[in-house]
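# Tertiary structure, described
Chain residues, written in single-letter form:
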Amino acid sequence: QVQLVESGGGLVQPGGSLRLSCAASGFTFSRYTMSWYRQAPGKERELVATIISAGAVTNYADSVKGRFTISRDNAKNTVYLQMNSLKPEDTAVYYCKALWFQYNYWGQGTQVTVSS
């Protein structure tokens, strides 16, 4: 059974940091490109960051470049999103996604709220 389980969300003050984790099971994690998406209330889901299977190439949305870092540990079947210098506009539900050819899987999401 395929599972993607996100964790690490919560309430943080502006300027603070959070580290999200997404633990994968039920598929060959190392083959998959992993991404983090987010969806704020009333907005469409948007791509935040992507990391390829070997981890050598990453891409980021302009809005998070220089503040967020995506990484993966293929031995632990886990992808991470380190979020620094958080802003209120980063408030959203964050989802991880696994993609390999026509196979794609989503997690259930974790809430991140940036507020004073």
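No experiment lies behind these values; they were computed from the predicted model shown.

Calculation criteria
- Residues numbered from 1 in each chain as written.
- Predicted model: local features only at pLDDT ≥ 70, side-chain atom pairs only at ≥ 80, totals over all residues.
- Heavy atoms only, no water.
- Helix = DSSP H or I, 4+ residues; strand = E, 2+ residues; numbered from the N terminus.
- Rg over C-alpha atoms; globule rule 2.2 N^0.38 Å.
- Contact = heavy atoms within 4.5 Å.
- Areas by Shrake-Rupley, 256 points an atom, 1.4 Å probe, with all protein chains shown as cover.
- Lys, Arg positive; Asp, Glu negative; His and termini not counted.
- Charge placed at Lys NZ, Arg CZ, Asp CG, Glu CD.
- Salt bridge = Lys/Arg side-chain N within 4 Å of Asp/Glu carboxyl O.
- Buried < 20%, exposed > 50% of the residue type's maximum accessible area, 1.4 Å probe, protein only.
- Disulfide = S-S within 2.5 Å.

### Focus on the overall build of the chain
Looking only at helices and strands, the chain has 0 helices and 11 strands in total. Here the C-alpha atoms of the chain give a radius of gyration of 13 Å, agreeing with the 13 Å that 2.2 N^0.38 yields for 116 residues. If one aligns the C-alpha atoms of the chain with their principal axes, the spans along those axes are about 40 × 25 × 25 Å. Pairs at least 24 apart in sequence give 52% of the contacts found in the chain among residues at least 6 apart. Of the accessible surface of the chain, which amounts to about 6,100 Å², a share of 47% is contributed by carbon and sulfur atoms. Looking at the chain, you have 11 positive and 7 negative side-chain charges, and the mean spots of the two groups are 6 Å apart.

### Examining the environment of glutamine 102
Tracing the sequence through the fold places glutamine 102 in the loop between strand E9 (92-100) and strand E10 (103-106). Sequence spacing of glutamine 102 and leucine 81 is 21 residues, and the spatial spacing of their C-alpha atoms is 24 Å.

### Digging into the pattern of salt bridges
One pass over the full model with this rule turns up 4 salt bridges. Across the salt bridge formed by arginine 38 and aspartate 90, the nearest N and O atoms sit 2.9 Å from each other. A residue pair is termed long-range when its members are at least 10 positions apart, and arginine 38 in strand E4 (residues 33-39) and aspartate 90 in the loop between strand E8 (78-83) and E9 qualify at 52 residues. Per residue, the accessibility class of arginine 38 equals that of aspartate 90, and both read buried. The partner of aspartate 90 in a salt bridge is arginine 67, with the nearest N and O atoms 2.8 Å apart. In this pair, aspartate 90 sits in the loop between E8 and E9 while arginine 67 sits in the loop between strand E6 (58-60) and strand E7 (68-73), placing the two residues 23 residues apart along the sequence. Several salt bridges share partner residues, and in doing so they unite Arg38, Glu46, Arg67 and Asp90 into one network.

### Here we look at the state of the cysteines
In total, this model carries 1 disulfide according to the counting rule given. The side chain of cysteine 22 participates in a disulfide bridge whose partner is cysteine 96; the two sulfur atoms lie 1.9 Å from each other. Between cysteine 22 and cysteine 96, the disulfide has an S-S torsion of 40 degrees and is therefore right-handed. One end of the pair, cysteine 22, is in strand E3 (residues 18-25); the other, cysteine 96, is in strand E9, and 74 residues separate them in sequence.

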